[in-house]
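Tertiary structure, described
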Amino acid sequence: MSLLPQEIIRRKRNGETLGDDEINFMVAGLTGGAIGDGQIAAFAMAVYFQGMNMAERVTLTRAMTASGQIIDWSGLDLPGPVVDKHSTGGVGDKVSLMLAPIVAACGGFVPMISGRGLGHTGGTLDKLDSIPGYNSTPDRALFQSTVRAVGCAIIGQTGDLAPADGRLYAIRDVTATVESIPLITASILSKKLAAGLDCLVMDVKTGSGAFAVDMEMARELAESIVAVANGAGLRCRALITDMNQVLGRNVGNALEVAEALTFLQNENLDPRLREIVLTLAREMLDLAGLSADPEAALTSGRALEVFARMVSQLGGPADLVENAILYLPRAPVSKPCVATRAGMISAMDTRTIGVAVLAMGGGRRDAADTIDPRVGLTDVCALGDRIEVGQPLAMVHGGDENSTDAAIAQIRAAISIDAKGIPGDIILERVDAS
Ligand code: URA
């Protein structure tokens, strides 16, 4: 019997469970273009309202993975497992820049395919693009040879991996169907499965700066990703981590690269950033069956060496670590955002802080926008810090006086000062395969 998109949409709209043949048919039509945008949008909306059970999600994920190429690492004879981490996105989240070299220094191979900034959250790729000469879109041969030689490479998504997701995501983006757990699960995992990983650790963020604003949603997303990944043959576990404050001290593209470099040099380690990086590293190494100590890889400087080699292998300066100040672009205006009352930092509207950096040019309003890599924040205060009137809550770096002043006002309004302020844990929960 031939299948009809409108019948499949109707069945899902009515809350029925779709068969493998129906899901495969929709994904084939999505990939080849035989099904138009209207029917794809209606299908996405039906899934948004009715959901999908785990078996349907596994089938959707597998079909979307198979819509393009799958990277094969077997020919490279890598002497260790292929492992990655993916974060659902946050403000100041530069974890990948340190984590990938730490895990590589411990014997893992990390082909990290990262995204650009989405809304108020920054993207790893935009951060790396602030390094002059760094090629974030190398061809497959350079990507694979860098991973082989150095242990890690952080690059951008290519159109030949999970192309079904590329089209579906673009349609979801304009039809209010992004926030669907089954669709997010299939979207993230189809790209990860296409990258040919042995194992994946998910960092699902929750809080005022995260896509999952509450714990319930974060747990639902983490459980879905872990169950579907394992169901599709990818060893996976998740950490739910806090995004109720900026992660680390800096926000903004070049400024986050600078923070990552000082971190890898074991200087000015923000304790929350250190905890999340080392905890994620331990999870990745454990899942991959490696016993090396990530803390030793960091403190010995081996992870820094890996980062420096990755940068130069991908076209960046060979002396970036020694001469970061010469290479990383700097904003012309720097001003403090000072506290107007004394007390303890009690809350942060982290999303608003991300939006303030975006508005200075640190992120995109739409996909065609160009980024100003120089702008952002340094020395951002943390929850629980004691603050006096006139002390800086953050340093604000902008392209001109007006945009800097506007950001200062937004940031001041986004940070609450009260009699009490509790720092709060960064690692909230761990979700493993059941
Ligand atoms: N990131 C993705 O890659 N896909 C989604 O659907 C949401 C976030």
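Here the structure is shown first, and the text comes after it.
Right, let's walk through the structure included here. All chains use their own residue numbering, which begins from 1 and follows the written sequence. For this predicted model, a pLDDT threshold of at least 70 governs which residues receive local features, and a threshold of 80 or more governs which side-chain atom pairs are given and counted, while totals over whole chains, interfaces and linings are taken from all residues. Hydrogens and water are ignored here; the side-chain numbers use all heavy atoms of the structure.

1. A closer look at the overall build of the protein chain
Stated formally: Runs of E in the DSSP output that reach at least two residues are strands. Runs of H or I that reach at least four are helices, and both are numbered from the N terminus. For the area figures, the Shrake-Rupley method with a 1.4 Å probe applies, and any residue is considered shielded solely by the protein chains shown. His is not counted, nor are the chain ends, whereas Lys and Arg count as positive and Asp and Glu as negative. Charge placement uses NZ in Lys and CZ in Arg. For Asp and Glu, CG and CD serve respectively.
Scanning the protein chain from terminus to terminus reveals 17 helices and 12 strands. Principal-axis analysis of the C-alpha atoms gives the protein chain an extent of 75 × 45 × 40 Å. Of the roughly 16900 Å² that the protein chain leaves accessible, carbon and sulfur atoms contribute 51%. Both charge centroids of the protein chain, one from 37 positive and one from 51 negative side chains, sit 1 Å from each other.

2. A closer look at the site of the ligand
The line we're drawing: Distances are taken per atom, and a residue is near a molecule or strand as soon as one of its heavy atoms is within 4 Å of it. Whenever two N or O atoms come within 3.5 Å, that pair is a polar contact, provided that in protein one can donate a hydrogen and the other can accept it, and provided that, for residues adjacent in sequence, both atoms are side-chain atoms. Charged residues are taken to be Asp, Glu, Lys and Arg, nonpolar residues to be Ala, Val, Leu, Ile, Met, Phe, Trp, Tyr, Cys and Pro, and polar residues to be all remaining types, Gly included.
Taken together, Y169, R172, I184, S187, I188 and K191 are the residues near the ligand. Between K191 and the ligand, the recorded distance is 2.5 Å, taken from a side-chain N or O atom to an oxygen atom. In isolation the ligand offers 240 Å² of accessible surface; the protein chains occlude 82% of this area. At 4 residues, helix 9 (residues 181–194) tops the list of elements feeding residues into the shell around the ligand. In the shell around the ligand, the residues fall into 3 nonpolar, 1 polar and 2 charged.

3. Re helix 17 (residues 401–414)
In an α-helix, one turn spans 3.6 residues; hence positions three or four apart end up facing the same way. Applicable threshold: Take the residue count of a helix, subtract one, and multiply by 1.5 Å to get its expected span. Only protein chains enter the accessibility calculation, which uses a 1.4 Å probe. A residue is then buried if its area is under 20% of the maximum for its type, exposed if over 50%, and partly exposed in between. Arc definition: it is the arc formed by the directions from the helix axis to the C-beta atoms. Throughout, a residue-residue contact means that at least one pair of heavy atoms, one from each residue, lies within 4.5 Å.
Between its terminal C-alpha atoms helix 17 stretches 20 Å, which fits the 20 Å expected from 14 residues at 1.5 Å a residue. For helix 17, the full list of buried residues reads T404, A407, I408, I411 and A414. End-on, the buried residues of helix 17 take up no more than an arc of 130°, which puts them together on one face. Exposed side of helix 17, more than 90 degrees from the buried face: N402 and A413 are the residues found there. In this fold, the buried residues of helix 17 make contact with strand 6 (333–338), strand 7 (343–348), helix 16 (350–362), strand 8 (376–378), strand 10 (392–398) and strand 11 (415–418). Capping the start of helix 17 is the job of one residue whose side-chain oxygen sits 3.2 Å from the backbone nitrogen of N402: D400.

4. Some thoughts on the nonpolar core
Filter applied, for reference: Definition used in this section: a nonpolar core is a set of buried Ala, Val, Leu, Ile, Met, Phe, Trp, Tyr and Cys residues joined via side-chain atoms within 4.5 Å. Segmentation of the chain into domains, including their bounds, is taken from an automatic or database domain assignment.
Counting 118 residues, the largest nonpolar core has I131, L261, F307, L377 and L393 as the members making the most contacts within it. The element that contributes the greatest number of residues to this core is helix 12 (residues 271–288), accounting for 10 residues. Looking at which domains feed residues into this core, each of domain 2 (74–323) and domain 3 (330–418) gives three or more. Contacts of L393, omitting those with residues within four sequence positions, involve C337, V338, A339, I345, D379, V380, C381, I387, R412, I415 and I417. I9, M64, I171 and A186 belong to the second-largest nonpolar core, a separate cluster that totals 22 residues.

5. Digging into empty space enclosed by the protein
Which entries qualify depends on this criterion: Grid spacing is 1 Å over the protein atoms alone, the probe is 1.4 Å, and a cavity is where that probe fits but cannot get out, while a pocket is an open set with protein on both sides within 12 Å along at least five of seven lines and lining residues have an atom within 4 Å of a point. Grid points are joined across faces, edges and corners, and a volume is the space filled by probe spheres set on the points.
Following the criterion strictly, the structure yields 3 cavities of 30 Å³ or more and no others. Volume-wise, the largest cavity comes out at about 190 Å³. Sorting the residues of the lining of the largest cavity by element identifies helix 6 (124–128), helix 11 (253–264) and helix 16 as the ones contributing at least two each. For the lining of the largest cavity, the element with the highest residue contribution is helix 16, accounting for 4 residues.

6. Things to note about the packing of helix 4 (residues 54–65) against helix 9
The condition is simple: Between the N-to-C directions of two axes lies an angle of 0 to 180 degrees, each axis being a line fitted to C-alpha atoms and, for a helix, fitted only over the stretch in contact. By definition in this entry, angles of less than 35 degrees are roughly parallel, angles greater than 145 are roughly antiparallel, angles of 65 to 115 are roughly perpendicular, and the rest are oblique. By convention, the crossing between two helices is left-handed when the near helix turns anticlockwise from the far helix through less than a right angle, and right-handed when the turn is clockwise.
Where helix 4 contacts helix 9, the axes come no closer than 8 Å and their chain directions differ by 40°. With respect to each other, helix 4 and helix 9 are oriented oblique. The two elements helix 4 and helix 9 meet at a crossing, and its hand is right-handed. Contact with helix 4, carried on its side by R57, L60, T61, M64 and T65, involves I181, P182, L183, A186, S187, L189, S190, L193 and A194 of helix 9 and no other residues of that element. In terms of residue class, the contact of helix 4 with helix 9 is built from 9 nonpolar, 4 polar and 1 charged.

7. Brief notes about the packing of aromatic side chains
Using the following cut-off: Working definition: rings of Phe, Tyr and Trp (its six-membered ring) pair if their centres are within 6.5 Å, and the pair is stacked with planes under 30 degrees apart, edge-to-face with planes over 60 apart, and tilted otherwise.
With the rule as written, the count across this model stands at 2 aromatic pairs. Aromatic side chains Y48 and F49 sit 5.1 Å apart centroid to centroid with 90° between the ring planes, which places their arrangement in the edge-to-face category. Look at Y48 and you get partly exposed, because its relative accessible area is 33%. Each ring, one from W73 and one from F143, has its centre 5.8 Å from the other, and the planes form 70°; the classification is edge-to-face. Of this pair, W73 sits in the loop between helix 4 and strand 1 (83–87) while F143 sits in helix 7 (residues 140–150), and the two are 70 residues apart along the sequence. For F143, a relative accessible area of 2% translates into the label buried.

Just distances and angles here, no functional claims.
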